Amino acid sequence: MTVIILRIGHRPQRDARVTTHVGLTARALGADGMLLTGRDKDVKESIEQVTRMWGGRFTIEDGVSLKEAVTRWKQNGGKIVHLTMYGINISDALPEINPNENLMIIVGAEKVPPLIYQLADWNIAIGNQPHSEIAALAIFLDRLNQKKGTDPLTQEYFESKLKLIPQLHGKKVINEEE
Ligand code: SAM
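Residues numbered from 1 in each chain as written. Predicted model: local features only at pLDDT ≥ 70, side-chain atom pairs only at ≥ 80, totals over all residues. Heavy atoms only, no water.

**Some thoughts on the sheet that holds strand β6 (residues 122-125)**
Strand order across the open sheet formed by six strands is β3-β2-β1-β5-β4-β6, with parallel pairing between neighbours. Two strands close off the open sheet at either side, each with one partner strand: β3 (59-61) and β6. For this sheet, the mean angle separating the axes of adjacent strands, direction not counted, is 30°. The pairing of strand β2 (residues 33-36) with β3 spans three bridges and is classified as parallel. Of the residues in β3, the one forming a bridge with L35 is E61. Its contacts with the sheet place helix α1 (residues 12-28) against β1 (3-7), β2 and β5 (103-107), and it is angled at close to 170° to β1. (Pairing = 2+ DSSP bridges. Helix = DSSP H or I, 4+ residues; strand = E, 2+ residues; numbered from the N terminus. Axes fitted to C-alpha atoms, helices over the stretch in contact; angles between N-to-C directions. Contact = heavy atoms within 4.5 Å.)

The structure is reproduced here in structure tokens:
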């Protein structure tokens with residue numbers, strides 16, 4: 001199963017930090033990559049830099065056309081989840097999701113176009129209160145991982161230059177390049 005995030009409505013001046021955190025959260029919770037509508041070289045570079053140093057194969061592509069990305073994904077048989085407070089509750093939707101199918105997860109920044117609500121296979125709410133795309137994505141991916149029986153939170157990342165040794169107190173990181 002390939003899991004990619006489609007981040008839409010990104011405004012470079014305003015959303016850079018949140019979009020970077022959407023990407024880093026997606027990576028840390030086992031997603032394979034993020035597509036970003038609009039261009040943002042800085043966001044792309046900072047996520048790529050984390051992957052270079054901390055390992056794994058997370059990909060990021062900016063300047064993606066929303067319509068093209070969604071249409072291509074559907075044509076290739078992938079399913080689409082749109083995270084929105086207006087959707088059905090995660091607990092009701094999750095049993096319908098096949099963990100072996102490729103999944104695109106759409107999260108918004110500003111107002112999400114009505115088309116997305118129509119194109120999504122599932123509009124899913126992480127509760128029906130407004131909060132954050134980072135929180136919504138983290139909870140959705142964690143629930144999906146539990147369903148799949150995988151736990152990226154305990155996984156070792158391959159080809160990492162930095163290795164973190166967990167400590168009860170303090171910090172220990174080994175830089176394999178030094
Ligand atoms: N005002 C925007 C709208 O009407 O679509 C939403 C802005 S919200 C800060 C940004 C994103 O966070 C949303 O597009 C959605 O993906 C996510 N989000 C916020 N609360 C959510 C919730 N309760 N459940 C699922 N996703 C949520």
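Following the structure, the description resumes.
**Structural notes on the site of the ligand**
The ligand sits among 16 residues. The nearest are L83, I126, G127, Q129 and H131. T84 is positioned with one of its backbone polar atoms (N or O) 3.4 Å from a nitrogen atom of the ligand. Between the ligand and the protein, one listed contact pairs an oxygen atom with a backbone N or O atom of G108 at 3.1 Å. Taken by itself the ligand offers 570 Å² of open surface, and the protein chains cover 79% of this. (Near = heavy atom within 4 Å. Polar contact = N/O pair within 3.5 Å; in protein donor to acceptor, adjacent residues only side chain to side chain. Areas by Shrake-Rupley, 256 points an atom, 1.4 Å probe, with all protein chains shown as cover.)

**Things to note about the layout of surface pockets**
Approximately 440 Å³ is the volume found for the largest pocket. If you trace the largest pocket, you find 22 residues lining it, with L83, T84, M85, H131 and E133 closest to the centre. Contributing elements (two or more residues each) for the lining of the largest pocket: β4 (79-89), β6 and α6 (133-148). Ranked by residue count, the leading element in the lining of the largest pocket is β4, at five residues. Among the residues forming the lining of the largest pocket, the class breakdown is twelve nonpolar, seven polar and three charged. The volume enclosed by the second largest pocket comes to roughly 380 Å³. Around the second largest pocket, the lining residues are R27, W54, L153, Q155, E156, Y157, S160, L162, K163, L164, I165 and P166. Among the elements that take part in the lining of the second largest pocket, strand β7 (residues 162-164) stands out by supplying three residues, more than any other. (1 Å grid on protein atoms, 1.4 Å probe; cavity = no way out; pocket = protein on both sides within 12 Å on 5 of 7 lines; lining within 4 Å. Points joined across faces, edges and corners; volume = space filled by probe spheres on them. Nonpolar A, V, L, I, M, F, W, Y, C, P; charged D, E, K, R; others polar.)

**A few points about the pattern of salt bridges**
This structure, assessed with the given rule, holds eight salt bridges. Measuring nitrogen to oxygen at the nearest pair gives 2.8 Å for the salt bridge that ties D15 to R11. Across the pair R39 and D62 runs a salt bridge, and its minimum N-O distance is 3.2 Å. A residue pair is termed long-range when its members are at least 10 positions apart, and R39 in the loop between β2 and α2 (41-54) and D62 in the loop between β3 and α3 (66-75) qualify at 23 residues. Its relative accessible area of 60% is what places R39 among the exposed residues. Looking at D62, the relative accessible area reads 11%, which means it is buried. (Salt bridge = Lys/Arg side-chain N within 4 Å of Asp/Glu carboxyl O. Buried < 20%, exposed > 50% of the residue type's maximum accessible area, 1.4 Å probe, protein only.)

**Details of α6**
Its 16 residues place the ends of α6 22 Å apart at the C-alpha level, agreeing with the 22 Å of an ideal helix rising 1.5 Å per residue. For α6, every residue scored as buried is listed here: E133, A136, L137, F140, L141, L144 and N145. Burial along α6 is one-sided: seen end-on, the buried residues are contained in an arc of 160°. Considering only its buried residues, α6 is in contact with β1, α1, β4, α4 (90-93), β5 and β6. G149 sits one or two residues past α6 and shows a positive phi near 80°. (Expected span 1.5 Å × (residues − 1). Arc of directions from axis to C-beta.)

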